Amino acid sequence: MFSFILNILLVTKVFSLDTSELETKNFNEKSQLLDNQYPPVSRQIDFDDLKNIMENSFTDNEKIEKFSVVDGFYKDFYYLKNLNNNLSLKSFNMLKQWAKKNQTTIPKIYLPNNKKLTPDNLDDSIKERLILEAQRARTFAYAPYSEFHVGAAILTKDGYIYSAANFENAAYGNTICAERCAIAKAISSENRGVSFQQNADIVAIAIVIRGGGGSPCGNCRQALNEFNPDMLVIMSDIDAENIIEKHLYELLPMGFGPANLDKAKALE
Ligand code: THU
């Protein structure tokens, strides 16, 4: 009975909450408001389960500090739930990524007999792993202004995965997309001279956004083109459904690259 009354109170609060009220709240208060912001969901058990995972993963201070992460979790939850009016196991597992903020190493895919990966010899398990790493990285996004969290994961021909998220800036134009952040991580970890570009070391990139079809922006296509126009671009929704695969040259036909500068030099 008590919880029934509480629910009515919560729902009343949800409908009485207008956005101007939200915007004028300061950072900490806004974080606390989140709990009351959404109406009860039908699959309460899943929701409670996920909420417990979140609650138990962070101290109270961390919950406030990681406000944009908690907010991202709620947004993802309602997006996935509303997609099919249900929460699939796949979606459920994806949401757990928000709580597992323990990614500190560079993952490597085991390759037998010095096998090298190419954009065209990647099996499904490798693609799934790449998407998973992009999903994980996405939970590290710093996107307080757009609240649009993006994850990307670059795969090299030796099987190393460099994942990253977008990070924004109060001077909005300083924002760095997840894809370019992942390039920075890969290059600054492994490149020797111009080897990454010459050896076409990057064989694929997975990009994960809410809403699917995480097509990289023009800037990022150009940045990626520098390293390998043939790379496979795997664009996925946050629960690894609705996946589109393209080679980069299909997304950036006749892209400008190092060869254009070389041609110009030959004429000097
Ligand atoms: N963003 C990316 O990280 N990758 C893209 O390909 C498109 C956009 C980020 C930038 C910004 O932080 C937010 O998404 C909204 O544009």
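Attention here is on the structure that accompanies the text. Because the structure is predicted, anything quoted here is derived from the model rather than measured.

## Quick word on the packing of aromatic side chains
- A complete count under the given rule lists two aromatic pairs for this structure.
- Arranged with centres 5.0 Å apart and planes meeting at 80 degrees, the rings of Phe-77 and Tyr-78 form a pair that is edge-to-face.
- A residue is classified by how much of its surface remains accessible, and Phe-77, at 1% relative accessible area, is buried.
- Residue Tyr-78 is classed as buried on the basis of its relative accessible area, which comes to 13%.

## Quick notes on the environment of Ser-188
- With respect to the element layout, Ser-188 can be found in helix α9 (residues 178-190).
- Under the relative-accessibility criterion, Ser-188 is labelled exposed at 64%.
- At 3.5 Å, the side chain of Ser-188 and the backbone oxygen of Lys-185 are in polar contact.

## So, the site of the ligand
- Taken together, Ser-146, Phe-148, Val-150, Asn-166, Glu-168, Thr-175, Cys-177, Ala-178, Glu-179, Ser-215, Pro-216 and Cys-217 make up all the residues around the ligand.
- A distance of 2.9 Å separates an oxygen atom of the ligand from a polar side-chain atom of Asn-166.
- In the model, an oxygen atom of the ligand is placed 2.7 Å from a nitrogen or oxygen of the Glu-179 side chain.
- Isolated, the ligand exposes 370 Å² of accessible area, and the fraction of that covered by the protein chains is 78%.
- Taken together, the residues that form the shell around the ligand break down as six nonpolar, four polar and two charged.

## Examining the packing of α9 against helix α11 (residues 218-225)
- Two numbers describe how α9 lies on α11: the axes approach to 9 Å, and their chain directions differ by 25 degrees. Between α9 and α11, the angle falls in the class roughly parallel. Our pair here, α9 against α11, has a crossing hand that is left-handed. Residues Glu-179, Arg-180 and Ile-183 of α9 lie in contact with α11, whose contacting residues are Asn-219, Cys-220, Ala-223 and Leu-224.
- Counted by class, the contact of α9 with α11 contains four nonpolar, one polar and two charged residues.

## Thoughts on the side chain of Gln-135
- Tracing the sequence through the fold places Gln-135 in helix α8 (residues 124-138).
- Exposure remark for Gln-135: the relative accessible area of 7% places this residue in the buried category.
- With sequence-adjacent residues up to four places away left out, Gln-135 is seen in contact with Met-94, Val-208, Ile-238, Asp-239 and Ala-240.

## Regarding the sheet that holds strand β2 (residues 161-165)
- Pairing is mixed across the open sheet formed by five strands, whose spatial order is β2-β1-β3-β4-β5. Because the sheet does not close on itself, it has two edges, and the strands there are β2 and β5 (244-247). Taking each pair of neighbouring strands and ignoring which way they run, the sheet shows an average axis angle of 15 degrees.
- Relative to β5, strand β4 (residues 232-236) is paired through four bridges, and the arrangement is antiparallel. Among the inter-strand pairings, Met-235 is bridged to a residue of β5, identified as Ile-244.
- In the packing of α8 onto the sheet, the strands contacted are β1 (150-156), β2, β3 (202-209), β4 and β5, and the crossing angle to β1 comes to about 140 degrees.

What counts, and at which threshold
- Each chain has its residues counted from 1, following the order in which its sequence is written.
- Two thresholds apply to this predicted model, a pLDDT of at least 70 for residue-level local features and 80 or more for giving and counting side-chain atom pairs, whereas whole-chain, interface and lining totals are computed over all residues.
- No hydrogens and no water enter the side-chain calculation; it runs on all heavy atoms of the structure.
- Two rings from Phe, Tyr or Trp (for Trp, the six-membered ring) form a pair when their centres sit within 6.5 Å of each other. Planes less than 30 degrees apart are called stacked, planes more than 60 degrees apart edge-to-face, and all others tilted.
- When accessible area is computed with a 1.4 Å probe and restricted to protein chains, residues below 20% of their type maximum are described as buried, those above 50% as exposed, and intermediate ones as partly exposed.
- Helix and strand definitions follow DSSP, with helices as H or I runs of at least four residues and strands as E runs of at least two, each counted in order from the N terminus.
- Counting of polar contacts relies on pairs of N or O atoms within 3.5 Å, with two restrictions inside protein: one atom must be capable of donating a hydrogen and the other of accepting it, and residues adjacent in sequence are counted only when both atoms are side-chain atoms.
- Working definition: residue near molecule or strand if any one of its non-hydrogen atoms lies within 4 Å of it.
- Residue exposure ignores everything except the shown protein chains as possible cover, and the areas themselves are Shrake-Rupley values with a 1.4 Å probe.
- Residues are grouped as follows: Ala, Val, Leu, Ile, Met, Phe, Trp, Tyr, Cys and Pro are nonpolar; Asp, Glu, Lys and Arg are charged; all remaining types, including Gly, are polar.
- Here an angle of 0 to 180 degrees is reported between the N-to-C directions of two axes, which are lines fitted to C-alpha atoms, with helices fitted over the stretch in contact.
- Note on angle classes: values under 35 degrees are labelled roughly parallel, values over 145 roughly antiparallel, values of 65 to 115 roughly perpendicular, and the remainder oblique.
- Definitions for this section: a left-handed crossing has its near helix turned counterclockwise from the far helix by less than a right angle. A right-handed crossing has that turn clockwise.
- Whether two residues are in contact is decided by their heavy atoms, any of which lying within 4.5 Å being enough.
- When DSSP finds at least two bridges between two strands, those strands are taken to pair.

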